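Commentary on secondary and tertiary structure
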Amino acid sequence: MEISSNPITKCSKEHEMIYQEWFNLADSDGDGRITGSDAIKFFGMANLPRQDLKQVWAIADTKRQGFLGYKEFIAAMQLVSLAQGGHALTNDILNGEVDLENLKPPAMEGLDALLAKKKQRSKSTDTEVNGSSQPQQSPSAHWFTSSKSAKKVSLSSVTSIIDGLKKLYIQKLKPLEVTYRFNDFVSPLLTNSDFDAKPMVMLLGQYSTGKTTFIKHLLKGSYPGAHIGPEPTTDRFVVVMNGLDERSIPGNTVAVQADMPFSGLTTFGTAFLSKFECSLMPHPLLEHITFVDTPGVLSGEKQRTQRSYDFTGVTSWFAAKCDLILLLFDPHKLDISDEFKRVISSLRGHDDKIRVVLNKADQVDTQQLMRVYGALMWSLGKVLHTPEVMRVYIGSFNDKPVSEAAVGPIGKELFEKEQDDLLADLKDIPKKACDRRINEFVKRARSAKIHAYIISHLKKEMPTMMGKAKTQQRLIDNLADEFGKVQREHHLPAGDFPNVEHFRDILSGYNIDKFERLKPKLIQAADDMLGYDIPELLKNFRNPYD
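A brief look at the structure comes next. Given the structure is predicted, the values throughout are model-derived calculations rather than measurements.

1. A look at the pattern of salt bridges
- The tally for this structure, following the rule as stated, stands at 19 salt bridges.
- Here arginine 236 ties to glutamate 277 by a salt bridge, and the two come within 3.7 Å at their closest N and O atoms. Within this pair, whereas arginine 236 is found in the loop between α10 (211–219) and β4 (237–242), its partner glutamate 277 is found in strand β6 (residues 276–281), the two being separated by 41 residues in sequence.
- The partly exposed category is assigned to arginine 236, whose relative accessible area is 23%.
- Taking the shortest distance from any N to any O, the salt bridge between aspartate 245 and arginine 247 comes out at 3.2 Å.
- Given a relative accessible area of 40%, aspartate 245 falls into the partly exposed group.
- Residue classification places arginine 247 among the partly exposed residues on the basis of a relative accessible area of 42%.
- Salt bridges sharing partners connect three or more residues here, namely Lys353, Glu440 and Lys443.

What follows is the structure in structure tokens.
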């Protein structure tokens, strides 16, 4: 089972040099990105119908970022060349039987004259960038280091949807979060690396359900620090990422690296960071997806008393960051313990990301598999509390071939189809990454608004002079009623409110009298962002030929 890394396919060295020169010319501001306006000017020289150019952009910009990098630009040029040759442009054309290495660059009217002019202007200095090198840092990275410079961000410096979200966060959402201490109660403040991080897939399950083997199966090899066995072997959270060489980085080091999106994990303390590490290795799949391998969920009191950190809290933190969460079961471990139930409950609000995998299904015959599947669905129904049926993938995700003698020809065909379905889900992750970022950003903004209403309401209920301690205790004890008041006053959906018990635990450590009163300007800024700014951003960075 493998995931094709990109629509970007083979290209000869000679053509790469040509495309590099073209890319530098098309990239008007030299930031390594071809925006929609750049594309309209450059692609127009191909003299193709607008509908063909629309399809070229749609296929090349697979991640829906609103711009083309160097590799995506090569794919776009290959598509233009194919369209000029009379080929019908489809999503699979670059993965078909076309000889891309020998595919000639497209005919671009007037391009030679523009290149000659550029060479004359740049004889004195060679400012060309090598597009095949490591990706340069996002032009927006410095916005997070200086609040003054962030407030002066111009619209022209926003060259992608993600840049636009960064700008909106710094200018409109972050002030609201800081004022009402959102980072103390709900989620740490976002950093540049949180926006630029690759999509993540987290694997959860009891010990020995095949989580580490699943990752090795996708990578077609081991990764640094991987241990497999029938006993609980993975005793730490391991993030498997792309790197230049194979090595492991300790958790305390990972948490302070500015280019990694894990600084928020410092809130769980050294006890957790000592059980956290990052495994780096060069792999085409890891260029697009990061995997999070987790310790097996233990049964009985061991889970709560023998973990030196908040396991449920950590899984909840990762769940908010991840694009897909795989819950793994095997036919011999269908029982969902109280501890595993708590972990699944911590995924509340992320139901759309959860997929269930019944792994090692070839260890039972067809009749037993039918019973196992029914038992699993019954167990999940008691935990997930949703009227919809959860999607369950059945298969054996390891490097051994499926035993047809055990499961029969029908079982083997079923496993192959299920693997293909799961593979299709994983393939879609990079394509949907930008949409997921927008979705999570909007969820965060709504959560921050509700948090601000709650905090300001509690502050309003405090007396001016006498009896502050008694009032604070009464508010904490009757927190569910106070949530109800806020909901009715501001007409907010009850399902968007935080967990009462969790909020109460954190609130008990604060002096409510020190909180801020409601500031309508901050709320209005968040409303404007949700109602106008984000739709306008998506409109500006949609397909330029729409």
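2. Describing the sheet that holds strand β9 (residues 354–358)
- Taken in spatial order, the eight strands of this open sheet run β5-β6-β4-β7-β3-β8-β9-β10, and their pairing is mixed. Looking at strand neighbours, the two that pair on one side only are β5 (247–250) and β10 (392–394), the edges of this open sheet. Across this sheet, the average inter-strand angle for adjacent strands is 25 degrees, counted without regard to direction.
- Contacts from helix α16 (residues 366–384) reach β8 (324–329), β9 and β10 within the one sheet, and its direction differs from that of β10 by about 155 degrees.

3. What about the pairing of strand β7 (residues 290–293)?
- Side-chain alternation along β7 places Thr290 and Val292 on one buried face and Phe291 and Asp293 on a second face that is also buried.
- Where strand β3 (residues 200–205) meets β7, four bridges bridge the pair, whose relative direction is parallel. Bridging from a neighbouring strand, leucine 203 pairs with aspartate 293 of β7.
- Sheet analysis places β4 next to β7, joined by three bridges and oriented antiparallel. Counterpart to valine 238 in the pairing with β7 is aspartate 293.

4. Topic: the environment of glycine 210
- Take glycine 210: it is sitting in the loop between β3 and α10.
- Assessed through its relative accessible area of 9%, glycine 210 is described here as buried.
- Residues glycine 210 and lysine 360, 150 residues apart in the sequence, show an inter-C-alpha distance of 7.8 Å.
- Those residues in contact with glycine 210 that sit more than four places away from it in its chain are Leu328, Asn359 and Lys360.

5. Some details on the nonpolar core
- Ranked by size, the top nonpolar core spans 51 residues in total, and within it Phe262, Phe272, Phe276 and Phe318 carry the most contacts.
- Examining the composition of this core, we find that six residues originate from one element, α16, more than from any other.
- Not counting residues within four places of it along the chain, the set of residues in contact with phenylalanine 262 comprises Met200, Val239, Met241, Val254, Ala255, Phe276, Trp317 and Phe318.
- Listed in part, the 46 residues of the second largest apolar core include Leu173, Tyr180, Leu475 and Leu479.

6. Some thoughts on unusual backbone geometry
- Phi is positive for arginine 181, which is not a glycine, with a value near 55 degrees.
- The residue arginine 181 is located in the loop between α7 (161–179) and α8 (182–185) in this model.
- A residue is classified by how much of its surface remains accessible, and arginine 181, at 29% relative accessible area, is partly exposed.
- At histidine 491, a position not held by glycine, the phi torsion is positive, near 55 degrees.
- In this structure, histidine 491 sits in the loop between α19 (479–490) and α20 (500–507).
- A relative accessible area of 70% means that histidine 491 is categorised as exposed.

7. Some details on the environment of valine 500
- Tracing the backbone through its elements, the reader meets valine 500 in helix α20.
- Look at valine 500 and you get partly exposed, because its relative accessible area is 22%.
- C-alpha separation for the pair valine 500 and asparagine 478, spaced 22 residues apart in sequence, amounts to 9.8 Å.
- With residues up to four places along the chain from it excluded, the contact list for valine 500 reads Leu479, Ala480 and Phe483.

The rules we used
- Throughout, residues of each chain are indexed from 1 in the direction in which the sequence is written.
- Restriction of local features to residues with pLDDT of at least 70 applies here, the model being predicted, together with a cutoff of 80 or more for giving and counting side-chain atom pairs; totals for whole chains, interfaces and linings are based on all residues.
- To get the side-chain values, take all heavy atoms of the structure and skip hydrogens and water.
- A pair is scored as a salt bridge if a Lys or Arg side-chain nitrogen falls within 4 Å of a carboxyl oxygen belonging to Asp or Glu.
- Here a strand is any run of E in DSSP of at least two residues, a helix any run of H or I of at least four, and the numbering for each starts at the N terminus.
- Each residue's exposure class comes from its accessible area (1.4 Å probe, protein chains only) as a fraction of the maximum for that residue type: buried when under 20%, exposed when over 50%, partly exposed otherwise.
- Only when DSSP finds a minimum of two bridges between them are two strands counted as paired.
- Lines are fitted to the C-alpha atoms to define the axes, a helix being fitted only along its stretch in contact, and any angle between axes, read from their N-to-C directions, falls within 0 to 180 degrees.
- Note on contacts: a residue pair is in contact if any heavy atoms of the two residues lie within 4.5 Å.
- Throughout, nonpolar core names a set of buried Ala, Val, Leu, Ile, Met, Phe, Trp, Tyr and Cys residues whose side chains join them through atoms within 4.5 Å.

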